[in-house]
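As a plain string of letters, each chain reads:
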Amino acid sequence: MWPDLIRKAKEGGVDAIETYVFWNAHEPLPRKYDFSGNLDLIRFIKTIQSEGLYAVLRIGPYVCAEWNYGGLPVWLHNMPGIELRTANTVFMNEMQNFTTKIVNMVKEENLFAAQGGPIILAQIENEYGNVISSYGAAGKAYIDWCANMANSLDIGVPWIMCQQPDAPQPMINTCNGWYCDNFTPNNPNSPKMWTENWTGWFKNWGGLDPKRTAEDVAFAVARFFQSGGTFQNYYMYHGGTNFGRTAGGPYITTSYDYDAPLDEYGNLNQPKYGHLKELHDVLHSMENILTHGNITNINFGNSVSGTIYATTNGQSCFFVNANTTTDADIVYEGNHYNIPAWSVSILRNCKQEIYNTAKVNTESWVMKKQCNEAESEPEALKWVWRPELIDDLALRGTGRVSAKKLIDQKVANDVSDYLWYMTNFYLTKNDPVWSDDMSLIVNATGQVLHVYVNGEYLSDQSATYGVFNYVFEKKIKLNPGPNKIILLSATIGLQNYGPKFDLIQTGVPGPVQIIGKKGDETIIKDLSTKKWYYKVGLDGFDNKFFSGNTSEWRVDDLPISQKMIWYKTTFKAPLGNEPVSLDLEGLGKGVAWVNGNNIGRYWPSYIAQETGCSNEACDYRGPYNNTKCVTNCGKPTQKWYHVPRSFLVNGENELVLFEEYGGNPMSVNFQTVRVGRTCGNAYENKTMEISCQNRSISSIRFASFGDVKGSCGSFRKGSCQAKNDVISVIQKECVGKEVCSIEANEGVFGLTNCDHGVRKRLVVEAVCA
């Protein structure tokens, strides 16, 4: 997908591509490096270069990014004497080794700008200023060391440190956030840079779908450049997918769409993509005056202000109305301007408005899922299955590794989500804890816990997003004599952010206790310091059931709603070249593979919270945060899973599911993602364009020119409109075409009965074939 995504970014007016470098992906074991396939960093940078774009290399190597363990390899945690992200010799030696390796690889290919390459900036560390106070003096010593180490690598381009107010020279401190117009670098000679303009927000299991309007993102960008900004980066411009076990958090979903201008599947997220592209074009046309012009600021009062950039060749104006509800009428050099609430108007020669952040003149796409036209699904999918075997070691409550204590799950170097904790103990009826009312209590920090007692499944429990500790408690029946407690801890990504996040325990830190109650008396038997046996992973993962394993699959009596089951089927790739999505509703929780490619953790049974959504259209006005404009209340957190076309082959493809919780695969199906409807929008004297992404416009549902109300899918005519039959004009111009455009003015649609000052717009809702 790289070339297509990069090309679309360039067409959207982007000049540079930022990329993180994920240490845990590239060095999964000490000095064992992997830069193959999708981990080919050099190929990625050269692909950027081939499109004529610049690159920003955010080495970190701590990256956060809702990525597993913040991008740090877990084997660091297990090195003797190490402390992460502080003035610790063991950590700094490893960090310097990896950073130096990346720099040397890039230098060898002449990819830094000083060598003629595309990389214009590099970043060391990441958002350390947010947590530095937790490390005391060692934190300041560490950040100074980072700066000196990076500077010694002599890359010939500037180094940046985001969210680092005390960044040592010559490091350039930069801003991350929803808005950075008020940010000032710590050195007056440093450029004002915005490394992360959050275009949306990530989603956690149980959380809602965050949306950030195109109007608000554009407002933030325009204000930043109005106030002297020189560089801003969208986080994310393409969000993508957390394939495999890359999602961190914990509890971050497999989708990382981020409501970005390019969506998870690589489609244009309209209108955000188009509205920002128009802004980029305007800013590019003003580059000379913005970089060389004299600056004058004007305060019109009541949160309305202006900035004038002027050279001998002309001037350009930014007028901003920061009110959240009230539009503003201002006068400048004898001309009257109306500035909508929470918007920025950009004027060429300080006379003609060429862009306003609140006036979207870009179509909105409503995406739809289309059934697999290559076969009739889900009926065509024939399933086979096999159980996940709890092997003899687990049944006996023994393993190859043992300790007289409970261990942190990170000791296993994060090679699997799963770790078995097993212990045996002898109990007599004379034991003080023995009673008819006994319970097992487990203090856990792994995100899911499955509990077996004497070979029988007892129950499971899971944590919630943001909760690191929880207590499992169930009544149990034990035998006089030998007993076995078997705990299976499952992670859903390791902690990736926060002060000393690496010290947050994972798995079963304990205590693990048997509680006996006799009347008012409670007796506790602590098993925490008994001999515990450990086993990493599951049988099906070890034996690669997901990768062409054809033996021992059963065809009869397909089990449903059973835990620890493997399912497999074959399918035909959907026709065409549109993106493919896998519908897993009906399943519980697990992992999915297509042709051996891990498409990520699935959990459609995890229902998003019931409250917080609104039936009203999102109001772009006012400061944004990730709880504003959320959707998907009471529905599966994620039921659709991206399957890249590159994972598919002509002919027969294989889908394998490991179902941990218990579900029914009979509704599983593949669908394609395409534009179902498009809603055109253009303010008066602008051009409205609608398109159906290489398919024709089949019909027009709505069309009006005037003060149209509502939003895409629920438009209605306002109090005034054009006298001509707008819908017939649009039908004649657009139906049957893949793309059509039309001017939004009274010359085309006739006079309107709108009062003076009403912002008229042309609105069209069209259906794609």
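Just above, that's the structure.
As a starting point, this report considers the structure included with it. Keep in mind that what you see is a predicted model, and the values were worked out from it rather than measured.

## Let's talk about the side chain of Asn-204
Part 1 of the reasoning: In this fold, Asn-204 is placed in the loop between strand 6 (193-198) and strand 7 (209-210).
Part 2 of the reasoning: Asn-204 sits in the buried class, given a relative accessible area of 14%.
Part 3 of the reasoning: Filtering out sequence-adjacent residues up to four positions away, Asn-204 remains in contact with Tyr-251, Ile-252, Thr-253, Tyr-465 and Thr-637.

## Some points on empty space enclosed by the protein
Part 1 of the reasoning: Throughout the structure, instances matching the rule amount to four cavities of 30 Å³ or more.
Part 2 of the reasoning: Gln-447, Gln-495, Ile-504, Gln-505 and Thr-506 are, among the 17 residues lining the largest cavity, the residues nearest its centre.
Part 3 of the reasoning: Size it by volume and the second largest cavity reaches roughly 40 Å³.
Part 4 of the reasoning: Residue lining of the second largest cavity: Lys-211, Arg-212, Thr-213, Asp-216, Cys-618, Asp-619, Tyr-620, Gly-622, Tyr-624, Lys-628 and Cys-629, and that is the complete set.
Part 5 of the reasoning: Partitioning the lining of the second largest cavity into residue classes produces four nonpolar, two polar and five charged.

## Section: the sheet that holds strand 10 (residues 304-311)
Part 1 of the reasoning: If you walk across this open sheet you meet the five strands as 9-10-11-14-15, and the pairing is antiparallel. Every interior strand has two partners, whereas the edge strands, strand 9 (294-301) and strand 15 (352-356), have only one. Here the strands of the sheet are splayed against their neighbours by 20° on average, with no regard to which way each runs.
Part 2 of the reasoning: Direction of pairing for strand 10 relative to strand 11 (residues 314-321): antiparallel, over a ladder of eight bridges. Bridging across to strand 11, Tyr-309 finds its partner in Ser-316.
Part 3 of the reasoning: Here helix 6 (residues 214-226) sits on the sheet and contacts strand 10, strand 11, strand 14 (343-348) and strand 15; the angle it forms with strand 11, its principal contact strand, is near 130°.
Part 4 of the reasoning: Lying on the sheet, helix 7 (residues 272-285) is in contact with strand 11, strand 14 and strand 15; it crosses strand 15 at an angle near 140°.

## Describing the packing of helix 6 against helix 7
Part 1 of the reasoning: Remark: helix 6 packs on helix 7, axes separated minimally by 9 Å, with the N-to-C direction vectors making an angle of 20°. Classified by the angle between their axes, helix 6 and helix 7 sit roughly parallel to one another. Where helix 6 crosses over helix 7, the two elements pack in a sense that is right-handed. Packed against helix 6, whose contacting residues are Ala-214, Glu-215, Val-217, Ala-218, Val-221, Ala-222 and Phe-225, the element helix 7 presents Lys-272, His-275, Leu-276, Leu-279 and Leu-283 at the interface.
Part 2 of the reasoning: A per-class count over the contact of helix 6 with helix 7 returns nine nonpolar, one polar and two charged.

## A closer look at the pairing of strand 25 (residues 512-518)
Part 1 of the reasoning: For strand 25, the buried fraction is high: five of the seven residues fall into the buried class.
Part 2 of the reasoning: Strand direction decides the pairing type here: strand 20 (residues 438-444) and strand 25, joined by five bridges, are antiparallel. Directly across from Ser-439, in strand 25, lies its bridge partner Ile-515.
Part 3 of the reasoning: Hairpin connection, strand 25 to strand 26 (residues 521-526): the antiparallel pair is bridged by two residues, and Gly-519 has positive phi, about 65°.

## With respect to the pattern of salt bridges
Part 1 of the reasoning: Tallied over the entire structure, the rule returns 40 salt bridges.
Part 2 of the reasoning: Across the pair Asp-166 and Lys-140 runs a salt bridge whose closest N-O atoms are separated by 3.6 Å. One end of the pair, Asp-166, is in the loop between strand 4 (159-162) and strand 5 (172-177); the other, Lys-140, is in helix 5 (residues 136-152), with 26 residues separating them in the sequence.
Part 3 of the reasoning: Assessed through its relative accessible area of 30%, Asp-166 is described here as partly exposed.
Part 4 of the reasoning: By relative accessible area, which is 32% here, Lys-140 ends up partly exposed.
Part 5 of the reasoning: Where Glu-684 meets Lys-760, a salt bridge forms, and the shortest distance between an N and an O atom there is 3.1 Å. Taken together, the residues Glu-684 in the loop between strand 35 (669-683) and strand 36 (687-691) and Lys-760 in the loop between helix 12 (746-749) and strand 39 (761-768) connect sequence positions 76 residues apart.
Part 6 of the reasoning: On the basis of relative accessibility, which here comes to 11%, the residue Lys-760 falls in the buried class.

## Quick look at helix 4 (residues 89-108)
Part 1 of the reasoning: Under the 1.5 Å per step criterion, the end-to-end length of helix 4 is 28 Å for 20 residues, consistent within 8% with the ideal 28 Å.
Part 2 of the reasoning: All buried positions along helix 4 are accounted for by Phe-91, Met-92, Glu-94, Met-95, Phe-98, Thr-99, Ile-102, Val-103, Met-105 and Val-106. The arc enclosing the buried residues of helix 4, seen along the axis, measures out at 165°, which places them on a common side. Exposed positions of helix 4 whose direction lies more than 90 degrees from the buried face are Thr-89 and Glu-108.
Part 3 of the reasoning: Summarising the contacts, the buried residues of helix 4 are in contact with helix 2 (23-26), helix 3 (41-50), strand 2 (54-60), strand 3 (119-124), helix 5 and strand 4.
Part 4 of the reasoning: Between the side-chain oxygen of the N-cap and the backbone nitrogen of Val-90 there are 3.2 Å, and the N-cap of helix 4 in question is Asn-88.

Reading the values: the criteria
- Counting from 1, residues in each chain are numbered in the order their sequence is written.
- Local features in a predicted model are, by the rule used here, given only for residues with pLDDT of at least 70; side-chain atom pairs are given and counted only at 80 or more, and totals for whole chains, interfaces and linings are based on all residues.
- Side-chain figures throughout are based on the complete set of non-hydrogen atoms in the structure, without hydrogens or water.
- Segments assigned H or I by DSSP are reported as helices when at least four residues long, segments assigned E as strands when at least two residues long, and all are numbered from the N terminus.
- We call a residue buried when its accessible area falls under 20% of the maximum for its residue type, exposed when it is over 50%, and partly exposed in between, using a 1.4 Å probe and counting protein chains only.
- We call two residues contacting when some pair of their heavy atoms lies within 4.5 Å.
- A 1.4 Å probe that fits into a set of points on a 1 Å grid over the protein atoms alone but cannot get out defines a cavity; an open set with protein on both sides within 12 Å along at least five of seven lines defines a pocket, and lining residues are those with an atom within 4 Å of a point.
- Grid points are joined across faces, edges and corners, and a volume is the space filled by probe spheres set on the points.
- Each residue is assigned to one of three groups, with Ala, Val, Leu, Ile, Met, Phe, Trp, Tyr, Cys and Pro labelled nonpolar, Asp, Glu, Lys and Arg labelled charged, and all others, Gly among them, labelled polar.
- By the convention used here, strands pair only if DSSP detects at least 2 bridges between them.
- Axes here refer to lines fitted to C-alpha atoms; in helices the fit is confined to the stretch in contact. Angles between the N-to-C directions go from 0 to 180 degrees.
- Note on terminology: angles under 35 degrees are roughly parallel, angles over 145 are roughly antiparallel, angles of 65 to 115 are roughly perpendicular, and the others are oblique.
- Take the far helix as the reference: if the near one is turned anticlockwise from it by less than a right angle, the crossing is left-handed, and if turned clockwise, right-handed.
- A pairing counts as a salt bridge when a side-chain nitrogen of Lys or Arg comes within 4 Å of a carboxyl oxygen of Asp or Glu.
- What a helix is expected to span follows from its residue count: subtract one and scale by 1.5 Å.
- The arc in question is the one spanned by the directions pointing from the helix axis to the C-beta atoms.
- N or O atoms closer than or at 3.5 Å make up a polar contact, with two conditions inside protein: a donor-capable atom paired with an acceptor-capable one, and, for residues adjacent in sequence, both atoms drawn from side chains.

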